[in-house]
Amino acid sequence: QVQLVESGGGLVQAGGSLRLSCAASGSILSINAMGWYRQAPGKQRELVATITSGGNTNYADSVKDRFTISRDNAKNTVYLQMNSLKPEDAAVYYCNAGMVLTTGGAYSTIWGQGTLVTVSS
């Protein structure tokens, strides 16, 4: 079974930092793009940042210059370093990955279970 497991969420004061991690495990042949999304109460899930297998990154305008996405391909792990956090960054953060599975070579998009980030003002 393939899964993504996030960690690193928590409570932080405005202006503080958190680092989220997301590790993929299971019958994985290769991982293409990985990304972070977030969903605040009463709002739609939105893209935060993505990174390709080659390291090309993309960020939502709201987090540019504050958040940094990175990945360790050897560990099948993606990270999100969040600095200068604002109350509006509070949300459940979800990891996402597109991967080719060893079982039949199928391509699947997998979501993690989410990790809660709370930012106090």
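Residues numbered from 1 in each chain as written. Predicted model: local features only at pLDDT ≥ 70, side-chain atom pairs only at ≥ 80, totals over all residues. Heavy atoms only, no water.

Draft legend 1. Representation of the pairing of strand β9 (residues 91–101) in the model. Most of β9 is tucked away: ten of the eleven residues are buried. As judged from the nine bridges shared by strand β4 (residues 28–39) and β9, these two strands associate in the antiparallel manner. Bridge pairing links R38 to Y93 in β9. Of the pairings in the sheet, the one linking β9 to strand β11 (residues 115–120) comprises three bridges and is antiparallel in character. Note that in β11 the partner of Y93 across the bridge is T115. With antiparallel pairing between neighbouring strands as the criterion, β9 and strand β10 (residues 107–111) make up a hairpin whose turn holds five residues, including G104 at a positive phi of roughly 70°. (Buried < 20%, exposed > 50% of the residue type's maximum accessible area, 1.4 Å probe, protein only. Helix = DSSP H or I, 4+ residues; strand = E, 2+ residues; numbered from the N terminus. Pairing = 2+ DSSP bridges.)

Draft legend 2. View of the packing of aromatic side chains. With the rule as written, the count across this model stands at one aromatic pair. Taking 5.0 Å as the distance between ring centres and 65° as the angle between the ring planes, the aromatic pair formed by Y37 and W111 counts as edge-to-face. Of this pair, Y37 sits in strand β4 while W111 is found in strand β10, placing the two residues 74 residues apart along the sequence. Residue Y37 is classed as buried on the basis of its relative accessible area of 19%. Seen from the ring of Y94, R45 lies directly overhead, with NZ or CZ sitting 3.7 Å from the centre. (Phe/Tyr/Trp six-rings, centres within 6.5 Å; stacked < 30°, edge-to-face > 60°. Lys NZ or Arg CZ within 6 Å of the ring centre and 35° of its normal.)

Draft legend 3. Here's a closer look at the state of the cysteines. Following the criterion strictly, the structure yields one disulfide and no others. At a sulfur-sulfur separation of 2.1 Å, the disulfide partner of C22 is C95. Because the sign of the S-S torsion sets the handedness, a value of about -80° for the bond joining C22 and C95 places this disulfide among the left-handed ones. Linking C22 in strand β3 (residues 18–25) with C95 in strand β9, this pair joins segments that are 73 residues apart in sequence. Of the residues examined, C22 reaches a relative accessible area of 0% and is grouped as buried. (Disulfide = S-S within 2.5 Å.)

Draft legend 4. Structural view of the sheet that holds strand β8 (residues 77–82). Read across the sheet, four strands follow the order β1-β3-β8-β7 without closing on themselves; strand pairing throughout is antiparallel. Single-partner strands in this sheet number two, and they are β1 (3–7) and β7 (67–72). Between one strand axis and the next, the sheet turns through 15° on average, direction left out of account. Across six bridges, the pairing between β3 and β8 is antiparallel. Within the sheet, the bridge partner assigned to C22 lies in β8 and is V78. (Axes fitted to C-alpha atoms, helices over the stretch in contact; angles between N-to-C directions.)

Draft legend 5. Looking closely at the side chain of S21. Checked against the element boundaries, S21 lands in strand β3. In contact with S21, not counting residues within four places along its chain, are V5, E6, S7, W36, V78 and Y79. (Contact = heavy atoms within 4.5 Å.)

These values are about where atoms sit, not about what they do.
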